[in-house]
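Each chain, written out:
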Amino acid sequence: MTAPGTRKVAVVGSGPSGFYAAEALLEAGAEVDVIERLPTPFGLVRFGVAPDHPKLKSVCQNFTQIAGHERFAFFGNVALGRDVTIDELRGFYDAVVIASGASADRKLGVPGEHLPGSWSATEFVSWYNGHPDFRNRTFDFSCEAAVILGHGNVAIDVCRILSKSVDELRRTDICAHALEALAESRIRDVHLVGRRGPAQAKWTAKELREIGMLAEADVVLDESDLALGATCEAELADPRGVTPAQSFKILRTFQGRPRERSKAVHLHFNLSPRVLEGAGRVERVLFDRCRLSGGPFSQVADPTGETVSLKAGAVFRSVGYKGVATDGVPFDGRSGTIPHERGRVMDGDAPADGLYVAGWIKRGPSGVIGVNRACSLETVETMLSDFADRPPSQAPGRDALRSALAARAVRPVDFTSWMRIDEAEVEAGAALGKPREKFTSVDKMLAAAFAGSGPVPQSCCA
Amino acid sequence: MTHVVTENCQACRFTDCVTVCPVACFHGDDERLYIDPEVCVDCSACISACPVGAIKEEFDLSDDEERWIEINASRAPDLPVIRSKQSPLPTAEARRSELGLN
Ligand SMILES: NC(=O)c1ccc[n+]([C@@H]2O[C@H](COP(=O)([O-])OP(=O)(O)OC[C@H]3O[C@@H](n4cnc5c(N)ncnc54)[C@H](OP(=O)(O)O)[C@@H]3O)[C@@H](O)[C@H]2O)c1
Ligand code: F3S
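Small disclaimer: the values here were computed from a predicted structure and weren't measured.

## Re the overall build of chain B
Alright, step 1. Within chain B one finds four helices and four strands.
Alright, step 2. Reading the helices (α) and strands (β) of chain B from amino to carboxyl end gives β-α-β-β-α-β-α-α.
Alright, step 3. In terms of C-alpha radius of gyration, chain B reaches 12 Å, essentially the compact-globule figure of 13 Å for 102 residues.
Alright, step 4. By principal-axis analysis of the C-alpha atoms, chain B measures approximately 35 × 30 × 20 Å.
Alright, step 5. By the burial criterion, 53% of the 102 residues in chain B qualify as buried.
Alright, step 6. Summarising the internal contacts of chain B: among those between residues at least 6 apart in sequence, 75% fall at separations of at least 24.
Alright, step 7. As presented, chain B carries roughly 4,500 Å² of accessible surface, and 49% of it is formed by carbon and sulfur atoms.

Below is the structure:
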């Protein structure tokens, strides 16, 4: 039992921003319930972080430690809007933090974008990482050339997965179905195409460096792309922007490398996609060659009138994630974020009482895992200052949520049940020499979660 | 590979770095901070968080910065973990201007 008057907070979403909000709230003495649509926690750490980046995934150990706190509870397999409404949550808790991330993908808005053979990087990433909603997507790797649109870290992840051999991926936690499909891949050339120049690429130096260290692929670039104008030089010289300067140095080391491997990653700059073409499926991408205009850090790509065509049977647009609206919560559809002031949700000019926001759905889909910690800390700080003006809590908290779920025959997955899923996955992985083999359907996750504890409820979205 | 706090973390101790660390790998004395290489997961979030560009990847160190690898590795484990933002040293803003980083 918690002390009378303890603040009770629900956090919707169990990715990094949700866990960091929970951590800060627990430290401030609150009782925290993290509500997650899937039976499994950790959001993009599970479904976004690339399988060949195991070190980053170790943040799950920190999240597990947070979950071990006596005032923490996990409610997996509970979807906001399906199993409980936002208004109910606001009634049950002193405050609700929306930390639902940005699960959709941005579109390019160019003709041919929806041709077969054109996919978003997000769906590809979710598929190889075993997200149940994407398990049944099919990708075709029977072509020789693939184009990736965008110069961010997600584009680099996709590039590595397409350029590594199955033997390199076999010992990672990439899903078996993806490994099997990639084993048939005939892709030899991967084109990584950005609409602006090398000084504006969004990737981080470490990720770019990895592209230069691929065992089976050479990296190829056109040296003339590394000739910079004065504004770009000024951007790179700015001491506040360490990363672009570092990655530019790395690009220079890629110049003039010999071709000695069977595959190649081609880096292209200043090419803005104009149309995806093909008879019944994508066969090529037509680009406008661009030149930059504008001041430092606000340069945009203007078409020069010249067009360039690249042959490709597979196109992955990696131009960013996009947040989706939550019923009953204010939303800015243009930016795909929830309007807020330092994490306090704003409904027009007025604060939405007891509603807060953290992570990508607050700031937009950028920033590595740790950036969400600072973001969630800000939100919690705002919440605590709002609490300071209020009488002690009368909120019923988790008991009310449990009763509401029981009345709807929803069986939540608590953290111990998640650990059973985890254990079963690790065991299945061990048999294959992998860190884990993920369950890719909600029903299988639930079966593992509730193994040996009575009948398993059928999910409605398996 | 790890990340290291270098020379520039001097007379400022901004501690913005610790707020973005996902794994609590920063340790500190009264002067400056150090990264525990055993704990750092190389996420690079701290690089752009530091107002004076003090944090670098091991790979990116110049020859005379290499010594910071050993300094971070040996100092960090003996010092307390710093996880919350603290007030910078009184000389911090002067230091930032001196480095031309306003
Ligand atoms: N290993 C890691 O640490 C890792 C891995 C994956 C993701 N992440 C992080 O997750 C966040 C999201 O990554 P992200 O790669 O999805 O996004 P991002 O970093 O924002 O990159 C998006 C890219 O798409 C381009 N783009 C946007 N609209 C376009 C259009 N209409 N036509 C052509 N290009 C367009 C952008 O170019 P402009 O600059 O011209 O807009 C940019 O190059 C980032 O903060 C990233 O660092 C980190
Ligand atoms: S000044 Fe030092 S304390 Fe952190 S934010 Fe920079 S490394």
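## A few points about the packing of aromatic side chains
All names here are of chain A.
Alright, step 1. A full pass over the atoms with the stated rule returns 21 aromatic pairs over all chains.
Alright, step 2. Geometrically, the ring pair formed by F42 and F63 is tilted, given 5.8 Å between the ring centres and 40 degrees between the ring planes. Of this pair, F42 sits in the loop between β2 (31-35) and α2 (43-47) while F63 sits in helix α4 (residues 59-67); the two residues are 21 residues apart in sequence, bridging distant segments of the chain.
Alright, step 3. On the basis of relative accessible area, F63 is assigned to the buried category, the value being 0%.
Alright, step 4. On the numbers, 5.0 Å between centres and 55 degrees between planes, the contact of W119 with F139 is tilted. Of this pair, W119 sits in strand β6 (residues 118-120) while F139 sits in the loop between α6 (121-128) and β7 (145-149), and the two are 20 residues apart along the sequence.
Alright, step 5. Accessibility expressed as a relative area gives 11% for F139, which makes it buried.
Alright, step 6. Ring-pair connections join several aromatic residues into one group, and the members of that group are F19, Y20, F42, F63, F72, F74, F415 and W418.

## Some thoughts on the nonpolar core
If you look at soluble globular proteins, the nonpolar side chains tend to sit buried side by side.
Alright, step 1. In terms of nonpolar packing, the biggest core is built from 71 residues, with F72 of chain A together with F26 and I55 of chain B touching the most fellow members.
Alright, step 2. Each residue touching F72 of chain A, except ones within four places of it in the same chain, is listed here: F19, A22, L26, V32, V34, I66, A67, R398 and F415 of chain A.
Alright, step 3. Among the nonpolar cores identified, the runner-up in size contains 53 residues, and A155, V166, A178 and A199 of chain A belong to it.

## Notes on helix α9 (residues 176-183) of chain A
Alright, step 1. Inspection of α9 of chain A places H177, A178, L179 and L182 of chain A among the buried residues, and these make up the whole buried set.
Alright, step 2. As for α9 of chain A, its buried residues are in contact with α6, α7 (153-163) and α8 (166-169) of chain A.

## Comments concerning the sheet that holds strand β13 (residues 300-311) of chain A
All names here are of chain A.
Alright, step 1. Here three strands make up an open sheet; going across it, the order is β11-β12-β13 and the pairing antiparallel. Two strands in the sheet have a free side with no partner beyond their single neighbour: β11 (271-277) and β13. Taken pair by pair, the neighbouring strands of this sheet meet at an average axis angle of 25 degrees, ignoring direction.
Alright, step 2. Pairing between strand β12 (residues 284-293) and β13: nine bridges, direction antiparallel. When the bridges of β13 are listed, D288 appears paired with T307.

## Quick look at the site of ligand 2
All names here are of chain B.
Alright, step 1. As a matter of local geometry, ligand 2 sits amid 13 residues, with C9, C12, T15, C17 and C50 nearest to it.
Alright, step 2. Taken atom by atom, the bulk of ligand 2 overlaps the largest cavity.
Alright, step 3. For the shell around ligand 2, the class distribution of residues is 10 nonpolar, one polar and two charged.

## As for the interface of chain B and chain A
Alright, step 1. Taken together, the contact pairs 21 residues of chain B with 23 residues of chain A.
Alright, step 2. At the boundary of chain B with chain A, total buried surface from both sides reaches about 2,000 Å², with 53% on carbon and sulfur atoms.
Alright, step 3. Of all residues in chain B, P22, V41 and R83 of chain B give up the largest surface area on contact with chain A, accounting jointly for 26% of the area buried on that side.
Alright, step 4. Measuring nitrogen to oxygen at the nearest pair gives 2.9 Å for the salt bridge that ties K55 of chain A to D42 of chain B.

## Some points on the site of ligand 1
All names here are of chain A.
Alright, step 1. Around ligand 1 sit 23 residues, and of these H151, R195, R196, K202 and G367 come closest.
Alright, step 2. Interatomic distance of 3.4 Å between a backbone N/O atom of S318 and an oxygen atom of ligand 1.
Alright, step 3. The backbone of G367 places a nitrogen or oxygen atom 2.6 Å from an oxygen atom of ligand 1.
Alright, step 4. For ligand 1, the accessible surface in isolation is 920 Å², of which the surrounding protein chains cover 86%.
Alright, step 5. No other element matches α7, which puts three residues into the shell around ligand 1.
Alright, step 6. For the shell around ligand 1, the residue count by class is eight nonpolar, nine polar and six charged.

## Brief notes about the sheet that holds strand β14 (residues 314-317) of chain A
All names here are of chain A.
Alright, step 1. The strand order across the open sheet formed by six strands is β6-β14-β7-β8-β10-β9, and the pairing between neighbours is parallel. Looking at which strands have only one partner, the edges of the open sheet turn out to be β6 and β9 (217-221). Direction aside, the axes of adjacent strands within the sheet are offset by 20 degrees on average.
Alright, step 2. Here five bridges tie β7 to strand β8 (residues 189-193), and the two strands are oriented parallel to one another. Looking across to β8, one finds that A145 is bridged to D189.
Alright, step 3. Sheet contacts for α6: β6 and β14; angle to β6, the most-contacted strand, approximately 75 degrees.

## Some words on the packing of helix α1 (residues 16-27) of chain A against α4 of chain A
All names here are of chain A.
Alright, step 1. In contact at an axis separation of 10 Å, α1 and α4 are set at 40 degrees when each is read in the N-to-C sense. In terms of their interaxial angle, α1 and α4 are classed as oblique. Crossing handedness for the pair α1 and α4: left-handed. Contacts between α1 and α4 involve P16, F19, Y20, A22, E23 and L26 from the former and F63, I66 and A67 from the latter.

## Quick look at the state of the cysteines
Alright, step 1. Within this structure, the stated rule accounts for zero disulfides over all chains.
Alright, step 2. No disulfide involves C60 of chain A; its nearest neighbouring cysteine sulfur is the one of C43 of chain B, lying 14 Å away.
Alright, step 3. A relative accessible area of 18% means that C60 of chain A is categorised as buried.
Alright, step 4. Looking at C21 of chain B, it has no disulfide partner, and the nearest cysteine sulfur is the one in C25 of chain B, 3.6 Å off.
Alright, step 5. According to the relative accessible area criterion, C21 of chain B is buried, its value standing at 8%.

## Examining the UniProt feature "domain: FAD/NAD(P)-binding" (unreviewed entry) in chain A
Alright, step 1. Residues annotated by UniProt as "domain: FAD/NAD(P)-binding" (unreviewed entry) correspond here to residues 8-170 of chain A.
Alright, step 2. In residues 8-170 of chain A, the share of helix is 37% and the share of strand is 17%. The end C-alpha atoms are 44 Å apart.

Rules used throughout
- Residues numbered from 1 in each chain as written.
- Chains lettered and ligands numbered in written order.
- Predicted model: local features only at pLDDT ≥ 70, side-chain atom pairs only at ≥ 80, totals over all residues.
- Heavy atoms only, no water.
- Helix = DSSP H or I, 4+ residues; strand = E, 2+ residues; numbered from the N terminus.
- Rg over C-alpha atoms; globule rule 2.2 N^0.38 Å.
- Buried < 20%, exposed > 50% of the residue type's maximum accessible area, 1.4 Å probe, protein only.
- Contact = heavy atoms within 4.5 Å.
- Areas by Shrake-Rupley, 256 points an atom, 1.4 Å probe, with all protein chains shown as cover.
- Phe/Tyr/Trp six-rings, centres within 6.5 Å; stacked < 30°, edge-to-face > 60°.
- Core = buried A, V, L, I, M, F, W, Y, C linked by side-chain atoms within 4.5 Å.
- Pairing = 2+ DSSP bridges.
- Axes fitted to C-alpha atoms, helices over the stretch in contact; angles between N-to-C directions.
- Near = heavy atom within 4 Å.
- 1 Å grid on protein atoms, 1.4 Å probe; cavity = no way out; pocket = protein on both sides within 12 Å on 5 of 7 lines; lining within 4 Å.
- Sits in = over half its atoms within 2 Å of the grid points.
- Nonpolar A, V, L, I, M, F, W, Y, C, P; charged D, E, K, R; others polar.
- Buried area = accessible area lost by both parts, 1.4 Å probe.
- Salt bridge = Lys/Arg side-chain N within 4 Å of Asp/Glu carboxyl O.
- Polar contact = N/O pair within 3.5 Å; in protein donor to acceptor, adjacent residues only side chain to side chain.
- Parallel < 35°, antiparallel > 145°, perpendicular 65-115°, else oblique.
- Left-handed = near helix turned anticlockwise from the far one by under 90°.
- Disulfide = S-S within 2.5 Å.
- UniProt positions renumbered as here; feature names shortened; annotations may be inferred.

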